[in-house]
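# Overview (structure and organization)
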Amino acid sequence: MKRKLIFIVAVLLVAVVGCGKPNYKALETELESLAGKYYEEQLKGKVLGLDEHHITLKSLEDVNYDISKFVKENCDKTSYSLVQLTLDENREVVGDYKVENHLTCGEYSTENQK
């Protein structure tokens, strides 16, 4: 009886907590959020005429953004988000930007997940 109870508790813990596999989808979302914040605070209105910006984990770290989640999961600091802008004929930004991630953490790679 006692062994059954311990087994059931162990199974429930694994189900609730998970088995320790990193949540790469959450890291992808975090990278997209940080890249958007970086673009808004560091580049928007300051770097003109470009329709793409590569924002690496290293760039985020250099301006003191918290990348500890990525470091913990052994993500390559050259991993980046590509911020894509639409420019008009005068090379001015129109509309919203899109973010495309290129994250590499150990065996995980964004490109392999598409």
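Look above for the structure.
Residues numbered from 1 in each chain as written. Predicted model: local features only at pLDDT ≥ 70, side-chain atom pairs only at ≥ 80, totals over all residues. Heavy atoms only, no water.

Helix and strand counts for the protein stand at five helices and five strands. The order of α-helices and β-strands along the protein, N terminus first, is α-α-β-α-α-β-β-β-β-α. Counting across all 114 residues of the protein, residues that qualify as buried make up 30%. Excluding contacts between residues fewer than 6 apart, the proportion of contacts in the protein whose partners are at least 24 apart in sequence is 57%. Counting every atom, the protein has about 8,200 Å² of accessible surface; 53% of that belongs to carbon and sulfur. (Helix = DSSP H or I, 4+ residues; strand = E, 2+ residues; numbered from the N terminus. Buried < 20%, exposed > 50% of the residue type's maximum accessible area, 1.4 Å probe, protein only. Contact = heavy atoms within 4.5 Å. Areas by Shrake-Rupley, 256 points an atom, 1.4 Å probe, with all protein chains shown as cover.)

We now examine the side chain of H102. By the element assignment, H102 lies in strand 3 (residues 93–102). In this structure H102 comes out as buried when scored by relative accessible area, which is 14%. Among the polar contacts made by the side chain of H102, one reaches the side chain of E100 at a distance of 2.7 Å. Other than its neighbours up to four places away in sequence, H102 contacts S79, Y80, L82, T110 and E111. (Polar contact = N/O pair within 3.5 Å; in protein donor to acceptor, adjacent residues only side chain to side chain.)

The subject of this paragraph is the pattern of salt bridges. For the coordinates displayed, the defined rule picks out five salt bridges. What you see here is one network of salt bridges that share partners, running through K58, E61, D62 and K77. (Salt bridge = Lys/Arg side-chain N within 4 Å of Asp/Glu carboxyl O.)

To continue, consider the state of the cysteines. Among covalent bonds in proteins, the disulfide is the one between the sulfur atoms of two cysteines. One pass over the full model with this rule turns up one disulfide. There is a disulfide in this structure between C75 and C105, and the S-S distance comes to 1.9 Å. As the torsion about the S-S bond is roughly 90°, the C75-C105 disulfide counts as right-handed. Remark: C105 occurs in strand 4 (residues 104–105) and C75 occurs in the loop between helix 4 (68–72) and strand 2 (80–87); sequence separation between them is 30 residues. Of the two residues examined, C75 and C105, each falls in the buried class. (Disulfide = S-S within 2.5 Å.)

This part takes up the pairing of strand 3. Bridging between strand 2 and strand 3 involves seven bridges; their strand directions are antiparallel. Paired with Y80 across the strands is H102, a residue of strand 3. Counted between consecutive antiparallel strands, the loop separating strand 2 from strand 3 contains five residues, among which R91 sits at a positive phi close to 65°. (Pairing = 2+ DSSP bridges.)

Attention shifts here to the pairing of strand 2. With five bridges joining them, strand 1 (residues 52–56) and strand 2 adopt antiparallel strand pairing. Across the sheet, I55 pairs through a bridge with S81, a residue of strand 2.

Right, let's talk about the sheet that holds strand 3 for a bit. Spatially, three strands are ordered 1-2-3 in an open sheet, and the strand pairing comes out antiparallel. Sheet topology places strand 1 and strand 3 at the edges, where each strand pairs with a single neighbour. The mean angle between the axes of side-by-side strands here comes to 20°, regardless of whether they run parallel or antiparallel. In the packing of helix 2 (residues 24–43) onto the sheet, contacts are made with strand 1, strand 2 and strand 3, and the angle to strand 3 comes to roughly 140°. (Axes fitted to C-alpha atoms, helices over the stretch in contact; angles between N-to-C directions.)

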